[in-house]
Structure formats: structure tokens, C-alpha cells
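Coordinate inspection notes
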Amino acid sequence: MPPSIHPVDLIIALRDKHLTPAIVFLTSRRACDEAMQAFDHSRILLPPPRQEAIAAVLEKVIAQYPSIAEHPLIPTVQRIGVAAHHAGHLPSWKIAVEELMRHGCLDAVFATTTLAAGVDFPARTVIITQSSIRKSRDFMDLTIGEVQQIAGRAGRRGKDLVGFAIVTPSPYIDLNVLTKGFTGHPEAINSQFLISYPMVLNLLKAHPLDQIQPILAKSFAQFQLNQRAETLERKLDELGDRMEPFGPRVCTDWITEWHTFDQVRRQKSHRTPVRRHEPPEVAARFHFLTPGRVVGFGRNRGIVLRQYRSKGQKSPMITALRVGGGITESPASTVTEVSDRVLDCVDAPVYPWCTPESVEELLRHLEELPGRLPELPILVPKDDEPIPDAIVQTLGDFACPTCPSRSACQRDYPLAAKLRQEQHRHVKSIQALRTSLWHRFQEKIDVLQQFGYLTATAHLTDNGEWARLIRIDHSLLITELLRADAFNGADPAMLAAVMSSIAHDDDRPGAFPRVSSGLASLLGQVRKLATSLSPHEDPPLLRADIAAVTERWIGDPGLTWIGLCKSTTMAEGDIYRLLARTLEFLSQLHTLKATHPGLADTASRAIALLRRGVLEELP
Amino acid sequence: MTTEELEQLLAQQPIALLHRLARGRVQRHFRAGKRRLIEVLLRHSAENRAGFESDLVTLIGERQVRPALPSPQTPAARKPKSPSPARQSMHKSAEPESHELAITLSSWLEGLGVPPPKSFVADAWQEEAIAKLKEGDVVVSVPTGSGKTYVAVEAARRAIAENRTVIYTSPLKALSNTKYTEFSKIFGADQVGILTGDRRDNGQAPLLIMTTEILRNLLYDAGGGEIDVRLDTLGLVILDESQYIADPERGVVWEETIIFCPSQARMLLLSASIGNPHDIAEWITSIRPTPCHLVRHSVRTVPLRAGYLHPNGKLAPLFRTVGIPHGHPSHLHPEAKRLFAQYEDETLPSGRRR
Ligand SMILES: Nc1ncnc2c1ncn2[C@@H]1O[C@H](COP(=O)(O)OP(=O)(O)O)[C@@H](O)[C@H]1O
Ligand SMILES: [Mg+2]
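Criteria and cut-off values
Residues numbered from 1 in each chain as written. Chains lettered and ligands numbered in written order. Predicted model: local features only at pLDDT ≥ 70, side-chain atom pairs only at ≥ 80, totals over all residues. Heavy atoms only, no water. Helix = DSSP H or I, 4+ residues; strand = E, 2+ residues; numbered from the N terminus. Buried < 20%, exposed > 50% of the residue type's maximum accessible area, 1.4 Å probe, protein only. Contact = heavy atoms within 4.5 Å. Areas by Shrake-Rupley, 256 points an atom, 1.4 Å probe, with all protein chains shown as cover. Phe/Tyr/Trp six-rings, centres within 6.5 Å; stacked < 30°, edge-to-face > 60°. Domains from an automatic or database assignment. Buried area = accessible area lost by both parts, 1.4 Å probe. Salt bridge = Lys/Arg side-chain N within 4 Å of Asp/Glu carboxyl O. Polar contact = N/O pair within 3.5 Å; in protein donor to acceptor, adjacent residues only side chain to side chain. Nonpolar A, V, L, I, M, F, W, Y, C, P; charged D, E, K, R; others polar. Near = heavy atom within 4 Å. Expected span 1.5 Å × (residues − 1). Core = buried A, V, L, I, M, F, W, Y, C linked by side-chain atoms within 4.5 Å. Pairing = 2+ DSSP bridges. Axes fitted to C-alpha atoms, helices over the stretch in contact; angles between N-to-C directions.

**A word on the overall build of chain A**
Scanning chain A from N- to C-terminus turns up 23 helices and 12 strands. Viewed in the frame of its principal axes, chain A has a C-alpha envelope of about 110 × 60 × 40 Å. Counting over 619 residues, chain A shows a buried share of 52%. The long-range share in chain A, meaning contacts at least 24 apart out of those at least 6 apart in sequence, stands at 72%. For chain A, the computed accessible surface area is about 28,400 Å², with 53% contributed by carbon and sulfur atoms.

**Quick look at the packing of aromatic side chains**
Residues and elements named next belong to chain B. By the definition in use, this model includes 15 aromatic pairs over all chains. Both rings, one in Phe120 and one in Tyr150, keep their centres 4.8 Å apart while their planes meet at 45°; by these two values the pair is tilted. Here Tyr150 lies in helix α8 (residues 148–161) and Phe120 lies in the loop between α6 (105–109) and α7 (124–132), a separation of 30 residues in the sequence. Residue Phe120 is classed as exposed on the basis of its relative accessible area, which comes to 58%. You can call Tyr150 partly exposed: its relative accessible area is 24%.

**Examining the domain arrangement of chain A**
How big an interface is tends to be stated in terms of accessible area lost as the parts join. Residue and element names in this part refer to chain A. What the domain assignment lists for chain A is domain 1 (7–183), domain 2 (289–368) and domain 3 (469–617). The gap between the C-alpha centroids of domain 1 and domain 3 is 34 Å. The interface is formed by 12 residues belonging to domain 1 together with 12 residues belonging to domain 3. Summed over both sides, the interface of domain 1 with domain 3 buries roughly 960 Å², with 47% coming from carbon and sulfur. At the surface where domain 1 touches domain 3, the tally comes to one salt bridge. With a shortest N-O distance of 2.7 Å, Arg29 and Asp574 are connected by a salt bridge.

**Quick look at the environment of B:Ser45**
Residues and elements named next belong to chain B. Relative to the helices and strands, Ser45 resides in helix α3 (residues 34–45). Given the relative accessible area of 1%, Ser45 is considered buried. Not counting chain neighbours up to four residues away, the residues in contact with Ser45 comprise Leu6 and Phe52.

**Observations concerning the interface of chain A and chain B**
Of the residues lining the interface, 85 residues belong to chain A; the matching set on chain B comes to 97 residues. The junction of chain A with chain B conceals about 7,900 Å² of combined surface from both sides, 61% of it contributed by carbon and sulfur atoms. Summed over the shared surface of chain A and chain B, the result is three salt bridges. At the junction of chain A and chain B, the tally comes to 27 residue pairs in polar contact (both at pLDDT 80 or more). Looking at the side of chain A that touches chain B, the elements with two or more residues in it are α1 (7–16), α5 (91–102), α6 (144–151), β7 (163–167), α7 (175–183), α8 (197–206), α10 (220–243) and α22 (572–590) of chain A. Ranked by residues supplied to the side of chain A that touches chain B, first place goes to α7(A) with six residues. Residues belonging to the side of chain A that touches chain B are distributed by class as follows: 40 nonpolar, 23 polar and 22 charged.

**Regarding the side chain of B:Gln13**
As for its placement among the helices and strands, B:Gln13 is situated in the loop between α1 (3–12) and α2 (15–22). Engagement of the side chain of B:Gln13 in a polar contact is seen with the backbone oxygen of B:Leu9, the distance being 3.1 Å.

**Topic: the site of ligand 1**
Every residue lining ligand 1 is accounted for by A:Arg157, B:Phe120, B:Val121, B:Ala122, B:Asp123, B:Gln126, B:Thr144, B:Gly145, B:Ser146, B:Gly147, B:Lys148 and B:Thr149. Positioned at a junction of chains, ligand 1 has nearby residues supplied by chains A and B. Interatomic distance of 2.6 Å between a side-chain N/O atom of B:Thr149 and an oxygen atom of ligand 1. Expressed as a share of its isolated accessible area of 570 Å², the protein-covered part of ligand 1 is 69%. Within the shell around ligand 1, the residues separate by chemical class into three nonpolar, six polar and three charged.

**Notes on unusual backbone geometry**
At the junction of A:Thr20 and A:Pro21, the peptide bond is cis and its omega measures out at 0° in the coordinates. Residue position: A:Pro21 is located in the loop between α1 and β1 (22–26). Cis geometry marks the peptide bond from A:Tyr351 to A:Pro352, where omega comes out at 0°. Phi angles above zero are rare outside glycine, and A:Leu542 is one such case at about 55°. Positive phi values are uncommon outside glycine, yet B:Asn202 reaches one of about 60°. Structurally, B:Asn202 is set in the loop between β4 (200–201) and β5 (207–211).

**Observations concerning helix α18 (residues 492–503) of chain A**
Residues and elements named next belong to chain A. Under the 1.5 Å per step criterion, the end-to-end length of α18 is 16 Å for 12 residues, consistent within 8% with the ideal 16 Å. Among the 12 residues that make up α18, 12 are buried, leaving the element largely enclosed by the rest of the structure. All of the buried residues in α18 are Pro492, Ala493, Met494, Leu495, Ala496, Ala497, Val498, Met499, Ser500, Ser501, Ile502 and Ala503. Taken together, the buried residues of α18 touch α17 (475–483), α19 (517–532), α20 (544–555), α22 and α23 (597–610).

**Some points on the nonpolar core**
With 205 residues, the main nonpolar core has A:Phe110, A:Phe182 and A:Trp561 as its most contacted residues. What A:Trp561 contacts, discounting residues up to four positions off in sequence, is A:Leu90, A:Trp553, A:Glu572, A:Ile575, A:Tyr576, A:Leu579, A:Val614 and A:Leu615. Formed by 28 residues, the second largest nonpolar core is a distinct cluster that contains B:Leu133, B:Val142, B:Ala152 and B:Val153.

**A look at the sheet that holds strand β3 (residues 192–195) of chain B**
Residues and elements named next belong to chain B. If you walk across this open sheet you meet the eight strands as β4-β3-β5-β2-β6-β7-β1-β8, and the pairing is mixed. The outermost strands of the open sheet, each flanked by one partner alone, are β4 and β8 (292–296). By the bridge criterion, two bridges tie β3 to β4 in an arrangement that is antiparallel. Residue pairing across strands places Leu195 opposite Arg200, the latter belonging to β4. The sheet contacts of α7 involve β1 (137–141) and β8, and relative to β8 the element is tilted by about 170°. Those strands touched by helix α9 (residues 173–187) are β2 (165–170), β3, β4 and β5, and its axis lies near 170° from that of β5.

Written out as C-alpha cells, the structure is:
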């Protein structure tokens, strides 16, 4: 048995059951093209009147879009009444196919699912041959929403009493995905809020920094984050209720007290060194190095902002705010003194681990602290000699052994500690949910300040004023190129070629024309800059062969579309899209006429040269 | 068992058993087709062959105790099937085996055809969406093919009649072009304009079509003080295919557009069916001056039926019922089930080799 139905058989079966017209969704463009070739010698011809109807419709479309007059698929379309419609085709061809479908002239269209929303024409029947689609280099199962979007093309209002969605298997199809898709509820959709450099610049152009947070709060992203935060808050309330019996006892914070006591006791009784290979005094001290704690480093002083363990060695580390405002990462062992002072600090999920206001406040306090501070007595368990409870008692740190609520504490500790840990986790998560957009925004501000698009007070610099007009992917690379005067002296072809290599994000291999040496060296320069910017912006592919296609089209105004297509293995739909995106990028450069008149002029000359033939047919 | 034997044994098992076998062994096993699942299971069995084989044998034993589904075929029966019958005869014999619960192919195909011509009467939900725009923003979430364009056209017509500018956006340039043609026919060519990055056709028209990115840029320019298009007379913004708000790369553009849309303009969001349209409506209500009304339904105007077409040309209903059994993905038609099991068996690597 063949792994999937033969296209000719498919059309015969559909005609036989009166299931035409149909849209046949196939996995790839290639599959669509091969399906069309399968009809080359087929004799399942349309009756002459229908062939004539197709010719009439095509004639009208061709009158508007001459580029498709010689389209190689026309004979098959006319004879058999089937067509292919995918991203490898020119928009004008796709319009022709859509027009034919609208007039009910065709029996079937072979299309790809990559853009289910891009196929905006219905049919009586939809044929589904796959359960997954390629999304950015990976095959992903169709979601319920996608299955319904695809199946939804079946059944034309006013033309069909019922619509049919028919699955026909091909290797690797998973029927479960499709049956679930047909019968299920579409998934909830989620915000995909990305904060880009142009967004930051444009927002700061129109609003002062202190109004930004309320604006971000208006996003759907924040709406959904709040929903999650509210769920956590409800959980937090529940936890609070469950914590009720574990309120203050003889000591206010009995859970911490018991925890420390218990640990010390265990370490003693097992006589085992601490789990990690750190000196016992460091381990004991580490518990107390919590955010806000004032500590001494030799002659210096600082405030703990966060404690953590290093990635590799898992050694105890702290982030500390030092006198003078520096923020350092140091091993806990460098702490020589743990004071009994803990200052208020509002912690945050990202560096510097507490809010900027908090940092300022802490710094002020730190500078005002008295010269000597009482030290916290920290009990360091000795490895070799267990410390009797009596000694613990005399040290005055732990009242537990003789405390009246000792047995209650012992009994309740495991549950209470677990609940409290959960509380802490929720509080942290809620904070992160409420502030994450703002933090992401601030990260972008930092970068823009570093590159001089924003002042220290987050106002637009002169560079920022024009840079905000570049609102396309890789905007940082483009604005940095302009600042480096990279296009000084570049002709329209070179400028457009570089822009298209920045715009093109498809890594499909192919054989393409070679670039001129001038363009090659310019691309080298762009590549170097893109690499240096990679910590702040993903570098584009910058394919030289892609640049060459654009360079040829603009550099040689006599070159015909067919000539251009022949010089590369790219599908004409891809070439069209490449040049259309290049147009978009160039038109953004054109908006810089006030600050970069030379460049804007080159861009507009490139646009004029680029828009000819096929590229002039559509807006 | 040799690897070959193991592979054969696996190949004979129904996919459900393979899934049970894969549980805890293979990640995302329920996503793989049978062929792929067997490949992965074989690779996995290398690590603990004995445990794997004994589990397999246990599961097979369990199955044989229970009443059998379509019985696992013996290797002999799985030889390449008899030469396929001629195409013509295949279509005649496409009736499924009778089954008490499941419908027949002919009743599945029944009712197929063209409805008698009818004068246009707007649906209640269409009227509702148009009416609610008087009071505030509207989100429409209905199945594909329901008639969202009608709502867009009528809403635009009313806004234009009040001398307001209307902006209609779509996610794709190709869709914009289609709508440009369509709307020009409806409203007259002088009433419709289209804006792209470098071109402006009839930019002074009351109904402007553009991609959502272009509108977002206009709104940024307005925010920066440079009014470009007449945003002060803007009365209505229509965002078609607004489920794109969940697009990983471009979704943010829809959010920016909604956040910065001038407050005097009404918003009309048209979306295919999504799971949480009330979230969208609630969100918009929370950030815009007027309440946002949600219009949704999930019933398709033209009923849909699902079928299964075997590579040999045999057609069967996919489900036991004529319509789609919502909420019951496993109500498969026995014929479709049998054919698909046969397909999986026959397209297995071992089945091919012989
Ligand atoms: N009330 C109605 N009665 C009959 N046909 C309608 C009605 N509303 C819309 N249609 C038709 O339904 C078809 C699908 O409409 P469309 O707006 O493209 O769907 P959607 O955008 O929801 O996917 C169109 O051919 C349209 O003319
Ligand atoms: Mg639509």
C-alpha cells in the first residue's frame, strides 16, 4: 500500500462522492508541487465548458497581474481544475487561485498549512494529511485551535449544506491529535509580550519614566500575570489560615528558632561534618546572612542583599552592598563579623535582588551606622565534641531545651516549616509576577543608556530621537550601523542588499549568485558589528547569497523577473517576500530624512529601483 | 527474543498497548505515530532488555484476557496485502461494515449539496456585535467561516456615515490586499485606501486598510507628537484575525495597538474561536474608557462532518456519529479505526521490508 493516497486517486474519489471543491492541506510546498506534477499525463479532464470558465477567470486576473500570464501551472489548472497555492508562489498567483475558488471553478487546491490563516477561501471539503506543522525549525503538533482553523475552511455559507473535513493518512500522522482537535475546545491563548528597543524608545519619547510602569500594567501580559498572581494570593490566604495554629509562642519566631536549634542538635548528635565541605563556622554563619543583615568584611562593612550557593562548587556566597555603593559577590567565608542589625529591604527577583529605592535607603543607613555594632553570637558546632544541651542553654542562644512549648514546637515544626516555606515561595512568585515586565523594560533601558540612546534619566538623546523611528527586527544593529556611518558612500544596490540580508531569516540552503567585492566587505563589517551586539540582540543570518539577489535586482534595472528567478534556486514567492521585506526596511530608513538626508535619499532611490515589474503589481 | 522478533512483536500490537508500554519510558510518547514509537521503544529497550520484554509480554497477556478489539494479526496475515482492486470497483464497495452504534457512509454523506438561494438575513450575533459597538468596544470570537466580515463591513459603514475614519487591519499583507479589493467593491474605490510601509494608495479615504504593524507605527508617531493619518477623526479600529495576539513573534504588536488606540475610537476585534475570549474582553474593559462586550459562539453555521479516506481510496466516517462528537475524541467509527490500524501496520518498517 502506498504511504499516502495518490493525488489523482484523491481527486477521482472526491469527484465521485461530490465532495469537490476541496482544499488539500499538504505538509510541504514540495508535496504540493509534486501533487500538481502527478496530473501531467492524467486524463481526468474537465468538460470543455468548465475549462472555458477557468480560462475566462484567469484572463481577467492576468489583465490585472501580467506577471502570471506564463505561469507553468496554468495548463494543468485549466485542463484538470486543480491548483497549488503556497508561499513559494507569487502573491498574484495566489490571488488568481483564490479568485478561481471564489468562482467555484476548481475541484481542488493543494496548499500548505504553514499559514492556515493565509488561506482565506473556503471549500466544501478540507483534506488533512498531517497532525503536526513546522514552526521555527521544529515540528509541533497542531493545537486544537489550529485543527479547527484548518477544518473550518470546510463548508461554505450559502453554497454548502454541510462541510467535510477528511483525514487521509501519511507516514507519521497521529490520529489522536486530529480527533482531539475536532472534538475539543480551542486552547486559551497567552500573551507574548516582547519588549523591544524601539518600544522602549517610543514609550519614553511620549511618557516620562515614572509613567511607564502604569502603561506596561495595561498590557494583556500583565493582565494574565495578575490572574496568576491572584491565584497565588488565594493560595497564600489559604496557607495563612493553615498557619493560624503556628503563630507566636514563647518566642515570636519559634519556627526559625527551632530550625536553628534543631540543626545544631542534629549536627552534634550525628557528629558528621556539614553536608557540604565548608568550615562549620561558615555553615553556621550562613543561616544568618539573610537580606538586610549588616556584616563586616575585615575593616569594611556591607549589607547582605542575597545569599546563594555558587553554581559549580555550591559554596555559600552572598551578594552584598558595600559602603560607597558597590555591589559585590563574595564567598560567605569572607564575612568576619555578623552584626545583630537587620535593615529593612524590599527584595526583588533579579539583580540587585532588591528594589532600586531599597538600595538607596540601605546605602544611606549603611553610611550612618555607628562605628561598632553588637555582634550576633553564632553557635559553631564542633565536629569532635558534642555540645551538651546545658552549654547551648548557657550560651543564651537557645531557650528551646527548657522551654514549656518545646514539645509543641518539636511536634509542629515539620508542618509549620513546610507551610512557611511555601508562603515564602508564593510571596516571591507574586512579587516576580507583578514586577517582571518592569524589570524587563529596565534591562532594555540599561542597554539603550549604555549605547547612548537614552540619558541617565531615561530621556531620549539626539541619537535616540531618530533611532526610535527604526521599528523593525534587528533595530539595534541597524541604528548602530548608521552611527558607525557604515553606509557612507554605499549605492542604492548595496544599501538594499545589506538590508535584505538583515531582513532574511530563512536558512534554507540554495545556490545563489555571488556578491560584488564591495558588498562582501560591507557585509563583513556588518557581521562584525552584529557579533559584538549579540549579548543585546540576536544577530541576523546575514547571508551573502541573499544580499546578492537583491544587489542584482537593483543594480541591473534591465534585469527581468524571470532573469532574476533563473539566477537562484529560491522560489519566486520567496524572492518576492525577500524584496517586499527589504522595501519595508528601506522605507524605515527613508523616514530618517531629517537627520540622515543622504541615507534617506539612497533608500528612496533603492525603493524606486526595487519597485518594478512584479513588485509594482500590488501595494 | 532477537531484536528482529521484538520489532515484529511490537509491530503487531495495537497502538494503545504501545502507549502503555511507553509510559514512563518515553517522553511525549502519545505524540509519536506508531512507526516512530516503535523506533523509540526499540532504542530504549537496549538499556533494560529483560525488563522491557517482560513488560511487553505481561501487557499482551492482559489484553488477551480482555475481549479483543480488532485482533492483532499474525505475521503471516501481515504480508503485503493482496493486489489492490481496480479503482472503479473500490468506490462501489465503500460501505462500512454494519455496526449497531455507528452510522453508515451513506447517511454520513446524506444532505450534501447546495442550499436553495435565500435573501440575506444577518445572524443574531452579527446584529448584536454591530449594536454593541454603539456602547463600547466589541470582541467577536466565532468559528471560521461564520461571517465576521459582515460585522466589519456594517460597522465600518455606520462609522463612515458619521464622518469618522475607519482603520481595518489584518495580520498579513496578502489578506490586506484581498480585503482592499473586497471593500473597494462594497464601498466604492474612492472610499477605501491602503497603507504599506512605502506606499499609500488613496490615503485620504475614510476606510483605510493596513497591517497591524503599520497601525502600531502610526499610533507611536501620534504618541510622539507627529500626527500622520487623521487620528483625531478616527472612529473605529477593526482588528481582524486578532487571535494573532498569541503569535510568539508578532503578538506584542496587537497588544501595543490596543493599549495605544485613541480613546475616542471604538475597537472591534474579530477572532477565530479561542479558549479564553472573555479574558480578552475583560482585559480591554479594564484599560479602555468604555466596557468591552464579548460576542461568542462555537456552533458552526455550516455543520461539519469528519471522515477518513484510506490510501486505497476507501472512504469512511471518522466518528460513530454523523456530526462531530464534541468532547468524545475516542468515539471513532469502527471502520475508520480498522482502516487506520491496518494503515499503521502496513506502513511499518518491518512490514515494508518483506
Ligand atoms: N448572515 C449571513 N447569512 C448568510 N451568509 C452569510 C451571512 N453572514 C456571512 N455570510 C457569508 O459567509 C461567508 C463567510 O464569511 P466570512 O466573513 O469570510 O467568515 P469569517 O471571517 O468569520 O471566517 C461569506 O461568504 C459571507 O457572505
Ligand atoms: Mg475573516
